[in-house]
Amino acid sequence: MTFGTPHPLHRLMLDDVRGAQKMLSGVARTTALEGSRHLSSLVGAPVLLKCENLQRTGSFKLRGAYVRIAGLRPEEKAAGVVAASAGNHAQGVALASQLLGVRATVFMPVGAPLPKVAATRDYGAEVRLQGHVVDETLAAAQEYARETGAVFIHPFDHPDVIVGQGTVGLEILEQCPEVRTIVVGIGGGGLAAGIGLAVKSVRPDVRIIGVQAEGAAAYPPSLAAGHPVVVESPVTMADGIKVGRPGDVPFGLVQEYVDEVRTVSEDALSSALLLCLERAKLVVEPAGASPVAALLSDPASFRGPVVAVLSGGNVDPLLLQRILRHGMAAAGRYLSLRLRVADRPGALATLLAVLTVVDANVLDVSHVRTDPRLGLTEVEVELHLETKGPEHCREVEAALLDAGYLVLA
């Protein structure tokens, strides 16, 4: 395969991925494969985490972007490249272009997280904020490519990008030769297609399982139909896999090499992100935590050793704060309550004393006094509590009821 020109799917082979691996030597890191005792105990077999969240730019995207841009003809490089992305692909294209001396313009949505915008600029790309949704941003980037002659770098729908992402699979085989199952998140499908191609070409017995968010799961209906199907208005916190339609190029490879595609809930994604942070000491974005969410959702269904690919770690701090709170609630470790108390001095102290006895940690307290539903001598109190789990939540609620408080919600 000669990088930079379109190729039929049947010509994508293991040697193409190996060629990409040589090209990426000294550019992309060989990321760590870390064991997880907690997940291993749940699954009943070794579980290892492939830490692409520790890759340069914070995700696997550098691999495919570099291979794609490096394969351009000299006149194409001279014209520059353009991309559309809300985060990971933007940074991958920006750094790859900087390393290769190619001018890069990256279109990002108006509401893109500021840390991702700043990082993309720091890698040397010109950032243009346009469009309020990714489809509008994508259209703007493609129009720019038509007007200027810049080469549009697609995040997943190109053979060079796929073989670049496939180098993750080669590293897994080198680091864990005995692997039996690889779990990887799927958005457009480039990473899963590349890993499937690389791994199945060497070890056809290895099971490849893709994971999508329930609210953005385009692959299950597409695989059932035998062609890419559009999911209208995908909704998920996992923006890295929030893709409404599989890519044409990766779809065929996913059909051939991915054994199964599962979906996970938003609660499972939150819990997985929290587990990665607390147990593995790894900051992972929701899309990167999707394989862990699948393991948590049905641990007994995986043959070990299992490798879960943590595809990225670029998460906005404000979103991380909300997700962690959501994850704690899903795990029964965060409890929100509204209740009515008498509006008199010492009433709040009495309430807090009840919570102290049951060892609930009060994170926040707010009062409502101007509500027509309240009596003249009543005040509504909203409490946010940190608890130790579902059983502790029930103990807290029982203690409040026993003390005579009316719990509204």
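See above for the structure.
About the criteria used
- Residues numbered from 1 in each chain as written.
- Predicted model: local features only at pLDDT ≥ 70, side-chain atom pairs only at ≥ 80, totals over all residues.
- Heavy atoms only, no water.
- Axes fitted to C-alpha atoms, helices over the stretch in contact; angles between N-to-C directions.
- Helix = DSSP H or I, 4+ residues; strand = E, 2+ residues; numbered from the N terminus.
- Parallel < 35°, antiparallel > 145°, perpendicular 65-115°, else oblique.
- Left-handed = near helix turned anticlockwise from the far one by under 90°.
- Contact = heavy atoms within 4.5 Å.
- Nonpolar A, V, L, I, M, F, W, Y, C, P; charged D, E, K, R; others polar.
- Salt bridge = Lys/Arg side-chain N within 4 Å of Asp/Glu carboxyl O.
- Buried < 20%, exposed > 50% of the residue type's maximum accessible area, 1.4 Å probe, protein only.
- 1 Å grid on protein atoms, 1.4 Å probe; cavity = no way out; pocket = protein on both sides within 12 Å on 5 of 7 lines; lining within 4 Å.
- Points joined across faces, edges and corners; volume = space filled by probe spheres on them.
- Core = buried A, V, L, I, M, F, W, Y, C linked by side-chain atoms within 4.5 Å.
- Pairing = 2+ DSSP bridges.
- Expected span 1.5 Å × (residues − 1).
- Right-handed = clockwise from strand over helix to strand, strands pointing away.
- Polar contact = N/O pair within 3.5 Å; in protein donor to acceptor, adjacent residues only side chain to side chain.

Here we come to the packing of helix 8 (residues 159-175) against helix 9 (residues 190-202). Their axes nearest at 7 Å, the elements helix 8 and helix 9 cross at an angle of 50°. On the basis of the axis angle, helix 8 is oblique to helix 9. At the point where helix 8 passes helix 9, the crossing takes the right-handed sense. Contacts between helix 8 and helix 9 pair Ile162, Val163, Gln165, Gly166, Val168, Gly169, Leu170 and Leu173 from the former with Gly190, Leu191, Ala193, Gly194, Ile195, Leu197, Ala198, Val199 and Val202 from the latter. Its residues placed into classes, the contact of helix 8 with helix 9 shows 12 nonpolar, 5 polar and no charged.

With respect to the helices and strands, Gln91 occurs in helix 5 (residues 88-100). Excluding anything up to four places from it in sequence, Gln91 contacts Thr57, Lys116, Ala119, Thr120, Tyr123 and Asn314.

In this section: the pattern of salt bridges. With the rule as written, the count across this model stands at 16 salt bridges. For the salt bridge of Asp15 with Arg18, the shortest nitrogen-to-oxygen distance reads 3.9 Å. A residue pair is termed a helical-turn pair when its members lie 3 or 4 positions apart in one helix, as Asp15 and Arg18 do in helix 1 (residues 14-23) at 3 residues. By relative accessible area, which is 40% here, Arg18 ends up partly exposed.

Attention now moves to the layout of surface pockets. Roughly 160 Å³ of internal volume is contained in the second largest pocket. Lining the second largest pocket are His38, Ser271, Leu274, Leu275, Glu278, Arg279, Leu296, Gly327, Ala331 and Arg333.

Turning our eyes to something else, we now look at the nonpolar core. Formed by 63 residues in total, the largest nonpolar core has its most connected members in Val81, Ile182 and Ile195. Ranked by residue count, the leading element in this core is helix 9, at 7 residues. Counting 39 residues, the second-largest nonpolar core is a separate cluster that includes Ile209, Ala268, Leu274 and Leu310.

This paragraph deals with the sheet that holds strand 1 (residues 33-35). The strands making up a sheet are joined through hydrogen bonds of the backbone, oriented either antiparallel or parallel. Read from one edge of the open sheet, 6 strands run 1-2-10-7-8-9, paired in mixed fashion. Every other strand in the sheet has two partners, leaving strand 1 and strand 9 (260-264) as the edge strands with one partner each. Across the sheet, the mean angle from the axis of one strand to that of its neighbour is 25°, orientation sign disregarded. Across 3 bridges, strand 7 (residues 181-185) lies against strand 10 (residues 306-310) in parallel orientation. Within strand 10, the residue paired with Ile182 across the bridge is Val307. On top of the sheet, helix 8 reaches strand 1, strand 2 (47-51), strand 7 and strand 10; it is set at about 140° to strand 2, its chief contact.

Between its first and last C-alpha, helix 8 extends 25 Å over 17 residues, near the 24 Å set by a 1.5 Å rise per residue. Taken across its 17 residues, helix 8 has 15 buried, putting it largely inside the fold.

All right, on to the pairing of strand 2 then. With 5 of its 5 residues buried, strand 2 lies for the most part within the structure. Here strand 2 shows no split at all, with Val47, Leu49 and Cys51 on one side and Leu48 and Lys50 on the other all buried. Note that strand 1 and strand 2 share 3 bridges and pair antiparallel. Bridge pairing links Glu34 to Leu49 in strand 2. Here strand 2 runs beside strand 10; their pairing, made up of 5 bridges, is parallel. In the strand pairing of strand 10, Lys50 is matched with Val309.

The buried fraction of strand 4 (residues 104-108) amounts to 5 of the 5 residues, a majority that puts the element mostly inside the structure. The side-chain alternation of strand 4 yields two buried faces, one formed by Ala104, Val106 and Met108 and the other by Thr105 and Phe107. Between the parallel pair strand 3 (residues 81-84) and strand 4, the chain is carried across by helix 5, and the sense of this crossover is right-handed. Relative to strand 5 (residues 126-129), strand 4 runs parallel, the two being bridged by 4 bridges.

Let us now look at the environment of Arg262. With respect to the helices and strands, Arg262 occurs in strand 9. For the pair Arg262 and Val81, spaced 181 residues apart in sequence, the C-alpha to C-alpha distance is 35 Å. Excluding residues within four positions of it along the chain, Arg262 makes contact with Ile209, Gly210, Val211, Gln212, Asp298, Ser301 and Phe302. Among the polar contacts listed, one links the side chain of Arg262 to the side chain of Glu260, at a separation of 2.9 Å.

So, on to helix 12 (residues 266-279). Over its 14 residues, helix 12 runs 20 Å from end to end, which matches the ideal 20 Å to within 8%, given 1.5 Å per residue. Every buried residue of helix 12 is accounted for by Ala268, Leu269, Ser270, Ala272, Leu273, Leu274, Leu275 and Cys276. In the stretch just after helix 12, Lys281 is the one whose phi turns positive, near 60°.

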